[in-house]
Amino acid sequence: MRIASLYRYPVKGLSPERLPRATLTRGQYFPGDRLFAIENGPSGFDPAEPVHQTKIKYLMLMRNEALARLRTRYDDASGDLVIDHEGEQALRASTVTAEGHERITAFFEAFMPDELRGTPRWLGAPEGYRFTDSPKGFVSIINLASVAELASRVGSPLDPLRFRGNVMVEGLAPWAEFDLVGQELATTSGARLRVTKRIVRCAATNVDPQTGLRDQQIPKALMDAYGHADCGVYCEVLEGGTLTEGEALNLAPAPAQTALGIA
């Protein structure tokens with residue numbers, strides 16, 4: 001199994017950013033991933049006491065496919081969010097100032113007024129929290145062979161970015177990622193991941209990430225073809241280290257068992 005590409009999604013529902021490498025930290029989320037969300041009407045989210053919320057509380061592709069027409073990037077150094085629309089920069093605003101938050105939310109009020117349930121609010125994740133779909137969705141892996149096999153079933157090419165994964169892998173047989181649940185993966189840098197669960201897909205995958213068109217019925221296609229709506233797996237980070245495009249991601253040997261002496 002080889003890492004084909006790496007992606008982070010700084011803002012929930014907005015576009016991915018490809019990374020040449022990513023440094024994982026034990027017990028933490030994929031770096032720079034789901035740091036922010038845009039509240040669509042009052043959600044009850046309290047940054048002082050963060051509790052995982054269902055994604056319908058935020059702008060997201062499952063209901064707001066227009067988001068896919070935007071190209072966004074987050075500048076770690078400045079804390080600025082840049083939004084391009086129809087090939088031109090539409091906004092550059094700070095994510096660390098009140099003025100920047102107002103400019104960002106004003107953009108979405110103008111861009112998609114009919115899809116808002118109230119005044120949108122820019123939210124930043126406090127330490128140890130992320131706006132992931134699953135409260136334990138620390139790192140997600142997508143098997144490119146599974147996506148290709150599904151594409152053959154639906155009779156149309158499928159962009160793997162529909163599945164909004166962090167780590168795209170190749171070299172596995174289609175759907176072999178499901179056999180990894182409960183096992184551990186490792187890189188030469190010392191990163192170690194435990195595969196925890198399969199990812200159940202929602203209607204967000206129906207949206208083409210390039211055009212913003214809702215042109216497929218991916219959960220239905222999965223269910224019709226395989227009897228489940230799953231694609232990809234979640235992992236937790238057991239040991240920190242670096243993931244790099246092109247490197248191997250291997251099954252880790254099981255920890256040695258210490259023999260118990262009997263007196």
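Throughout, a residue's number is its position along its own chain's written sequence, starting from 1. Given that this is a predicted model, residues contribute local features only at a pLDDT of at least 70 and side-chain atom pairs are listed and counted only at 80 or more, while totals for whole chains, interfaces and linings are drawn from all residues. Water and hydrogen atoms play no part in the side-chain values, which are based on all heavy atoms of the structure.

Q: Before we move on, can you summarise the overall build of the chain with the specific residues and values?
A: Think of it this way: any DSSP run of H or I at least four residues long counts as a helix, any run of E at least two long counts as a strand, and we number them from the N terminus. Looking only at helices and strands, the chain features three helices and 15 strands. Against the 2.2 N^0.38 benchmark of 18 Å for 263 residues, the chain shows a C-alpha radius of gyration of 19 Å, consistent with a compact globule. Taken along its principal axes, the extent of the C-alpha atoms in the chain is 70 × 45 × 30 Å. Exposure is judged per residue with a 1.4 Å probe applied to protein chains only, and the accessible area is read against the type maximum: over 50% gives exposed, under 20% gives buried, and values in between give partly exposed. Within the chain, the fraction of its 263 residues that count as buried is 51%. In this description, contact between two residues means that some pair of their heavy atoms is separated by no more than 4.5 Å. In the chain, 69% of the contacts between residues at least 6 apart in sequence involve partners at least 24 apart. Summing over all exposed atoms, the chain offers an accessible surface of approximately 12,400 Å²; the carbon and sulfur share of this is 51%. The centroid of the 29 positive side-chain charges in the chain is displaced by 4 Å from the centroid of its 33 negative side-chain charges. The globule rule used for comparison is 2.2 Å times the number of residues to the exponent 0.38, while the radius of gyration itself is calculated over C-alpha atoms. Here the Shrake-Rupley method, with its probe set to 1.4 Å, supplies the accessible areas, and only the displayed protein chains count as covering residues. His is not counted, nor are the chain ends, whereas Lys and Arg count as positive and Asp and Glu as negative. Note on charges: their place is set at NZ of Lys, CZ of Arg, CG of Asp or CD of Glu.

Q: Describe the UniProt feature "domain: MOSC" (unreviewed entry) in the chain, naming the residues involved and giving the relevant values.
A: Sequence positions flagged by UniProt for "domain: MOSC" (unreviewed entry) are, in local numbering, residues 96–252. A distance of 40 Å separates the end C-alpha atoms of residues 96–252, which is 22% helix and 26% strand. UniProt positions are given in the numbering used here, feature names are shortened, and annotations may be inferred rather than shown by experiment.

Q: Describe the sheet that holds strand S12 (residues 192–200), and please don't skip the residues or the numbers.
A: Two strands are counted as paired when DSSP detects at least two bridges linking them. Within the open sheet, the eight strands sit side by side as S2-S1-S10-S9-S13-S12-S11-S15. Their pairing is mixed. Looking at the sheet topology across the chains shown, the edges are occupied by strand S2 (17–19) and strand S15 (250–251). Relative to strand S10 (residues 167–170), strand S9 (residues 139–143) runs parallel, the two sharing three bridges. Residue Asn143 lies in a different strand from S10, and its bridge partner there is Val169. In this description, a line fitted to the C-alpha atoms serves as the axis of each element, helices being fitted only across the stretch in contact, and the angle between N-to-C directions of two axes falls anywhere from 0 to 180 degrees. Sheet strands in contact with helix H2 (residues 144–154) are strand S1 (2–8), S9, S10 and strand S13 (230–239), and its direction is about 50° off that of S9.

Q: Which residues make up the domain arrangement of the chain, and what values go with them?
A: Those domain boundaries reflect an automatic or database domain assignment. Along its sequence, the chain is organised into domain 1 (2–28 + 135–250) and domain 2 (36–124). The centre of domain 1, based on its C-alpha atoms, is set 24 Å off from the matching centre of domain 2. Facing 20 residues of domain 1, the contacting portion of domain 2 comprises 25 residues. Summed over both partners, the accessible area lost on bringing two parts together, with a 1.4 Å probe, is the buried area. Buried surface at the junction of domain 1 and domain 2, summed over both partners, amounts to about 1,800 Å²; 58% is from carbon and sulfur atoms. On the domain 1 side of the contact with domain 2, Val11, Lys12 and Leu14 bury the most area, a combined 29% of that side's loss. Here, a salt bridge means any Lys or Arg side-chain nitrogen found within 4 Å of an Asp or Glu carboxyl oxygen. Put simply, domain 1 and domain 2 have two salt bridges between them. Here Glu65 makes a salt bridge to Arg214, at a shortest N to O gap of 2.6 Å. Pairs of N or O atoms within 3.5 Å make up the polar contacts considered here, provided that, within protein, one atom can donate a hydrogen while the other can accept it, and that residues adjacent in sequence are counted only when both atoms are side-chain atoms. Applying the counting criterion to the domain 1 and domain 2 interface returns 11 residue pairs in polar contact (both at pLDDT 80 or more). When the residues that make up the side of domain 1 that touches domain 2 are grouped by side-chain class, the tally is nine nonpolar, five polar and six charged. In this count, Pro and Cys sit with the nonpolar residues alongside Ala, Val, Leu, Ile, Met, Phe, Trp and Tyr, while Asp, Glu, Lys and Arg are called charged and the others, Gly among them, polar.

Q: For the sheet that holds strand S6 (residues 80–85), give the residues involved together with the corresponding values.
A: Two strands in a sheet stick together by hydrogen bonds in their backbones, pointing the same way (parallel) or opposite ways (antiparallel). Across the sheet, which stays open at both edges, the three strands sit in the order S5-S6-S7 with antiparallel pairing between neighbours. Two strands in the sheet have a free side with no partner beyond their single neighbour: strand S5 (70–75) and strand S7 (88–94). This sheet shows a mean twist of 20° between the axes of neighbouring strands, independent of strand direction. Sheet analysis places S6 next to S7, joined by six bridges and oriented antiparallel. Each residue of the ladder has a partner; that of Ile83, found in S7, is Leu91. Of the strands in this sheet, S5, S6 and S7 are in contact with helix H1 (residues 98–111), which crosses S7 at around 145°.

Q: So what about the environment of Pro219? Which residues, and what values?
A: Along the chain, Pro219 falls in helix H3 (residues 218–226). The class of Pro219 is buried, set by a relative accessible area of 19%. Residues Pro219 and Asp230, 11 residues apart in the sequence, show an inter-C-alpha distance of 7.8 Å. In this structure, Pro219 is in contact with Arg201, Cys202, Ala203, Thr205, Asn206 and Ala229, ignoring residues within four places of it in sequence.

Q: Describe the packing of H2 against H3, with residues and values.
A: Where H2 meets H3, the closest approach of the two axes is 10 Å, and the angle between their N-to-C directions is 90°. In terms of orientation, H2 and H3 fall into the roughly perpendicular class. Across the interface between the two elements, Glu149, Leu150, Arg153 and Val154 of H2 pack against Ile218, Ala221, Leu222, Ala225 and Tyr226 of H3. Under this scheme an angle from 65 to 115 degrees is roughly perpendicular, one under 35 degrees roughly parallel, and one over 145 degrees roughly antiparallel; angles in between are oblique.

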